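Commentary on secondary and tertiary structure
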Amino acid sequence: MKKVSDKTLVIVESPTKAKTLKKILGRKYDIKASNGHVRDLPKSRLGVDIENNFEPEYILVRGKGPLVRELKRAAQKAKNVLLASDPDREGEAIAWHLANLLSISCEEPCRVRMYEITPRAVKEAFSKAEPIDMNKVDAQQSRRLVDRLMGYSLSPLLWKKIKAGLSAGRVQSVALRLICEKEAEIKAFVPQEYWVIAAVAEGERGQFSLKLAKKDGKNIRVTNAIDAQAAYNELLSLSYVVSKFDTKEGKRNPLPPFKTSTLQQEAARRLGFSPQKTMRVAQSLYEGIDLPGQGPVGLITYMRTDSLRIAPEGIAMARKFIEENYGERYLPKKPHQYISKERSQDAHEAIRPTNVRLVPEEIQTHLTKDQKALYELIWKRFLASQMEPAVVARTNLEVEAGPYTLRQSGVTLIFDGWSRLWPLEMKEEILPEAEVGELLKLLKLDKEQKFTKPPSRYTESGLVKVLEEKGIGRPSTYATIIQTLYDRHYVERDEAKKLFPTELGITVNSFLVEHFQSLINVEFTAKMEDELDKVERGEASWLSVVREFWVHFEGILKSVQNVAKVEVPVETIDEKCPLCGAQLIVKHGRYGKFIACSAYPDCKYTRNFKNSLDIPCPKCGEGKVVLLRSKNRRPFYGCSRYPKCDFVSWSKPTGEICPKCGGPFVVKRKAVKCADCGYEKEEIPDDAGAVGER
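Residue positions are given per chain, counted from 1 along the sequence in the order it is written. With the structure being a predicted model, the display of local features is reserved for residues of pLDDT at least 70 and the display and counting of side-chain atom pairs for 80 or more, all residues being used for whole-chain, interface and lining totals. To obtain the side-chain values, all non-hydrogen atoms of the structure were used and water was disregarded.

You'll find the protein entered in an unreviewed UniProt entry as DNA topoisomerase 1, with Acetomicrobium hydrogeniformans ATCC BAA-1850 given as the organism. UniProt positions are given in the numbering used here, feature names are shortened, and annotations may be inferred rather than shown by experiment. In UniProt, the protein has this text filed under Catalytic activity (unreviewed entry): "ATP-independent breakage of single-stranded DNA, followed by passage and rejoining." UniProt, in its Subunit (unreviewed entry) section for the protein, records the words "Monomer."

Another aspect to go through is the UniProt feature "domain: Toprim" (unreviewed entry) in the protein. Feature annotation in UniProt places "domain: Toprim" (unreviewed entry) on residues 7-120, given in this structure's numbering. Numbered from the N terminus, helices here are DSSP runs of H or I no shorter than four residues, and strands are runs of E no shorter than two. Annotated as residues 7-120, this span is 34% helix and 19% strand, and its ends, taken at the C-alpha atoms, are 21 Å apart.

All right, on to the sheet that holds strand β1 (residues 8-12) then. Any two strands with at least two DSSP-identified bridges between them are counted as paired. Ordered by their spatial adjacency, 3 strands build an open sheet running β2-β1-β7, and the pairing between neighbours is parallel. A single partner strand is all that each edge strand has here, and the edge strands are β2 (29-33) and β7 (80-83). In this sheet, neighbouring strand axes are inclined to one another by 20 degrees on average, regardless of whether the strands run parallel or antiparallel. Sheet topology note: the β1/β7 ladder contains 4 bridges and is parallel. In the sheet register, Leu9 faces β7, and the bridge partner there is Val81. Residue contacts are counted whenever heavy atoms from the two residues lie within 4.5 Å of one another. Throughout, an axis means a line fitted to C-alpha atoms (over the contacting stretch in the case of helices), and angles, computed between N-to-C directions, take values from 0 to 180 degrees. Sitting on the sheet, helix α1 (residues 15-25) touches β1 and β2, and the angle it makes with β2 is about 170 degrees. Helix-sheet contacts for helix α2 (residues 65-77) involve β1, β2 and β7, and the interaxial angle to β2 is about 165 degrees.

In contact at an axis separation of 10 Å, helix α6 (residues 172-188) and helix α14 (residues 478-487) are set at 70 degrees when each is read in the N-to-C sense. In terms of their interaxial angle, α6 and α14 are classed as roughly perpendicular. Listed contacts from α14 to Gln172, Ala175, Leu176 and Ile179 of α6 are Ile481, Thr484 and Leu485. Residue classes follow a fixed rule: Ala, Val, Leu, Ile, Met, Phe, Trp, Tyr, Cys and Pro count as nonpolar, while Asp, Glu, Lys and Arg count as charged, and any other residue, Gly among them, counts as polar. Its residues placed into classes, the contact of α6 with α14 shows 5 nonpolar, 2 polar and no charged. These descriptions rest on fixed angle ranges, namely under 35 degrees for roughly parallel, over 145 for roughly antiparallel, 65 to 115 for roughly perpendicular, and the rest for oblique.

So, about the packing of helix α5 (residues 134-161) against helix α16 (residues 522-536). Across the interface, α5 lies against α16 with an axial gap of 7 Å and an inter-helix angle of 150 degrees. Relative to α16, α5 is oriented roughly antiparallel. On α16, the residues touching Asn135, Lys136, Asp138, Ala139, Ser142, Arg143 and Val146 of α5 are Met528, Glu529, Leu532, Val535 and Glu536. In the contact of α5 with α16, the residues fall into 5 nonpolar, 2 polar and 5 charged.

Once that is clear, we can look at the state of the cysteines. Disulfide: a pair of cysteine sulfur atoms within 2.5 Å of each other. A complete count under the given rule lists 0 disulfides for this structure. With no disulfide of its own, Cys110 lies 6.4 Å from the sulfur of Cys106, the closest cysteine sulfur. Between buried and exposed lies partly exposed: a residue is buried under 20% and exposed over 50% of the maximum accessible area for its type, with that area taken using a 1.4 Å probe on protein chains only. On the accessibility criterion, Cys110 (1% relative accessible area) is buried. In this model Cys620 remains outside any disulfide bridge; the closest cysteine sulfur is found in Cys639, 3.7 Å from its own.

So, on to α14. The element α14 is extensively covered by neighbouring structure, given that 7 of its 10 residues are classed as buried. Listed as buried for α14 are Tyr478, Ala479, Ile481, Ile482, Thr484, Leu485 and Tyr486. Looking at the buried residues of α14, the elements they touch are α6, α8 (260-271), α9 (275-287), α13 (460-469), β17 (491-493) and β18 (499-501). Two residues or fewer past α14, His489 is found with a positive phi of approximately 60 degrees.

Right, let's get into the packing of aromatic side chains. Note on aromatic pairs: the rings of Phe, Tyr and Trp (six-membered ring only in Trp) are paired at centre separations within 6.5 Å, and the planes decide the class, stacked below 30 degrees, edge-to-face beyond 60, tilted for the rest. In total, this model carries 14 aromatic pairs according to the counting rule given. Geometrically, the ring pair formed by Tyr286 and Tyr302 is edge-to-face, given 5.2 Å between the ring centres and 65 degrees between the ring planes. Here the residue Tyr286 occupies a position in helix α9, and Tyr302 occupies one in the loop between β13 (295-297) and α10 (312-326), the gap between them amounting to 16 residues. The same class applies to Tyr286 as to Tyr302, namely buried. Aromatic side chains Phe524 and Phe549 sit 6.3 Å apart centroid to centroid with 35 degrees between the ring planes, which places their arrangement in the tilted category. Here Phe549 lies in helix α17 (residues 542-560) and Phe524 lies in helix α16, a separation of 25 residues in the sequence. On the basis of relative accessible area, Phe549 is assigned to the buried category, the value being 3%.

Cis geometry is found at the peptide bond from Tyr600 to Pro601, where omega equals 10 degrees. Among the secondary structure elements, Pro601 is positioned in the loop between β21 (592-597) and β22 (606-608). Positive phi, normally seen in glycine, also occurs at Phe54, with a value near 55 degrees. Along the chain, Phe54 falls in the loop between β4 (48-49) and β5 (55-56). For Phe54, a relative accessible area of 5% puts it in the buried group. Of note, the phi angle at Asp216 is positive, near 55 degrees, even though the residue is not glycine. As for its placement among the helices and strands, Asp216 is situated in the loop between β9 (207-215) and β10 (218-219). On the accessibility criterion, Asp216 (59% relative accessible area) is exposed.

Its location among the elements puts Phe189 in the loop between α6 and β8 (193-202). Residue Phe189 is classed as partly exposed on the basis of its relative accessible area, which comes to 27%. With 264 residues separating them along the chain, Phe189 and Lys453 place their C-alpha atoms 8.3 Å apart.

Once that is clear, we can look at the pairing of strand β14 (residues 390-401). Counting buried positions along β14 gives 9 out of 12 residues, so the element sits mostly inside the fold. As defined by bridge partners, strand β11 (residues 240-252) adjoins β14 across 11 bridges and the pair is classed as antiparallel. Bridging across to β14, Thr247 finds its partner in Thr395. Bridge count between β14 and strand β15 (residues 404-415): 11 bridges; the pairing is antiparallel. The residue of β15 that forms the bridge with Val399 is Leu406. Counting the residues in the hairpin turn of β14 and β15 gives 2 residues, including Gly402, whose phi is positive at 60 degrees.

Right, let's talk about the sheet that holds strand β28 (residues 664-668) for a bit. One open sheet accounts for 3 strands, arranged β27-β28-β29; its pairing is antiparallel. Each edge of the sheet is formed by a strand with only one pairing partner; in this case those strands are β27 (652-657) and β29 (671-674). Across the sheet, the mean angle separating the axes of adjacent strands is 35 degrees when strand polarity is ignored. Here 3 bridges tie β27 to β28, and the two strands are oriented antiparallel to one another. Paired with Ile657 across the bridge in β28 is Pro664.

So, on to the domain arrangement of the protein. An automatic or database domain assignment supplies the residue ranges for each domain. According to the domain assignment, the protein consists of domain 1 (8-132), domain 2 (141-188 + 456-561), domain 3 (193-253 + 390-451) and domain 4 (261-385). With 18 residues of domain 2 in contact, the opposing surface of domain 4 contributes 14 residues. Where domain 2 abuts domain 4, roughly 1,500 Å² becomes buried across the two surfaces, and 47% of that area is made up of carbon and sulfur atoms. By definition, the buried area sums, over both parts, the 1.4 Å-probe accessible area that each loses when the two are put together. The largest share of the area that domain 2 buries against domain 4 comes from Glu468, Arg474 and Pro475, three residues that together contribute 32% of it. Should a side-chain nitrogen of Lys or Arg be within 4 Å of a carboxyl oxygen of Asp or Glu, the pair is scored as a salt bridge. Here domain 2 is connected to domain 4 by 1 salt bridge. For Arg474, the salt bridge identified is with Asp306, shortest N-O distance 3.1 Å. Throughout this description, a polar contact denotes any pair of N or O atoms lying within 3.5 Å of each other; where both atoms belong to protein, one of them has to be capable of donating a hydrogen while the other can accept it, and for residues adjacent in sequence the pair is counted only when both atoms sit in side chains. One can count 2 residue pairs in polar contact (both at pLDDT 80 or more) joining domain 2 with domain 4. For the side of domain 2 that touches domain 4, the secondary structure elements donating two or more residues are α13, α14 and α16. In terms of residue count, α13 provides more of the side of domain 2 that touches domain 4 than any other element does, 5 residues in total. A breakdown of the residues in the side of domain 2 that touches domain 4 according to their chemical character gives 5 nonpolar, 5 polar and 8 charged.

This is the structure:
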């Protein structure tokens, strides 16, 4: 058809990005959004022709017909078509599917990759359009086909052998295995007794907090009350003499800028964001924020990356800003360079602000609370990564008391360097000076029985860290993996926001590990990621990767068809049904757990699942405070008498009453405060945790 327009059609993934580009590119460009993938494998069937070289069956995504017709009409009218989906494997695949639908040759310079959405970067990207990278497309297709073959073969097997509606996946199942193995490790843990003997002693220049470390020059670990009492009695009557006091200065180098995994970890630790929320907010910062006088501006570079590379212009921008705002003392002679691990895709950059002069505090009125918090995290981490190392003085004190040696260490900040923007998190105390041979006066001696603690459960960010360290998944998949485990009811979070497997999750994991050990393991999954990377580099064909996987997988699949059905243990509560007297059990529904009668369908009694804190409701005094979940799975606290009592709190009540106003004390972050007047308590309970805070 004859072209009737002098405009260039640009197709991006999201309407937000389209809006930003429209302001940057002007009237000569018609910008439209594909709203993600336009073609995919069918949901209702396998969609892979195994007998015909694993030929994929791509169909239009449901509901995308009108959009595709609109894109075709626009492409027919345009003088040129450019595909500007995200610059990763998934974005390359979207561009390839669009090219096929719009009859565009993949060898034409039709592909634009933008790693940041700013006027300079956009115009530069559009000036050097390239062909579609078929190696990237093949890598994405390999992953999609392997995951489809495994998921659509394993899931029906789980329905048959365990329970209908279950699913399994190549990466998802390994993540579940890690969580289950951690839980088994915790349950098998046997606490070991030990004793801490601590002294407070005073010298000429101040007090020292010492701990028993050695006896007769050898490390000592007191493991029972008899030995603890004997050491305690001896230490009460001995003289305390300083035997060592030294201070050494050292440098602490700055942390690298963020990549996807570390951004998710720090956003979870400092802001309470889930990986999924972090990526959603980061996407909005990347695609563009409306700023007065500038229009939509992409505030950060592309956020799905495992690279630590910083572009020369990014380094130059940071160095100039540091010199002008913090002085030459904070500017290293040479820029810091950070090395990514071998599997990193260094075509990408690390995550950084596109313009460091857009200071978070100065543009915060144009950002949501979450956008401002995440942008500030990225902005500070990037600038800190290009600042001078911090200089600290580490001090070590040893005190002799007869045959015993007691120790204390401390640290002093000599020069803040990069810690001016990013906290060093030094936990050691600052020590007063002491001289070797100085006699100290014992002020206090304590002995305390303790027990070793079991390993801690994974937090969401902790799981992301382990997945990355073990080479499982990619930056774009971490958030989805965790969300899938929640959606399948394989994993839940405790009050400390840590992951634990449900009975269903444990059952599914046990079945998969027993019968698919060679596939559901870290080594196989990491090896598959390496194979996909080889496809992207053009070192392996997608067909050979898929075929090799299928030959191995099919053999195991056939051998498992006749294994016995597995029963999922039923989670019960210590209560009988008020209607029929049968046992009450815990079930999972669309909005999480609920209580139901085990005699269903004969008895249809149900009620909300409630975790009681065993403290009275601070509003009505009659009900108990219980842990509930909203429709979007966000935990909160309410009254067990709801709806008769409408008490609600995002922060965990402690059961105590404020002496100032009579309001309830609740845990907020790392403090216990009155929910009404804000009065703060000094002590924090060991089990403190505010489940709903973000």
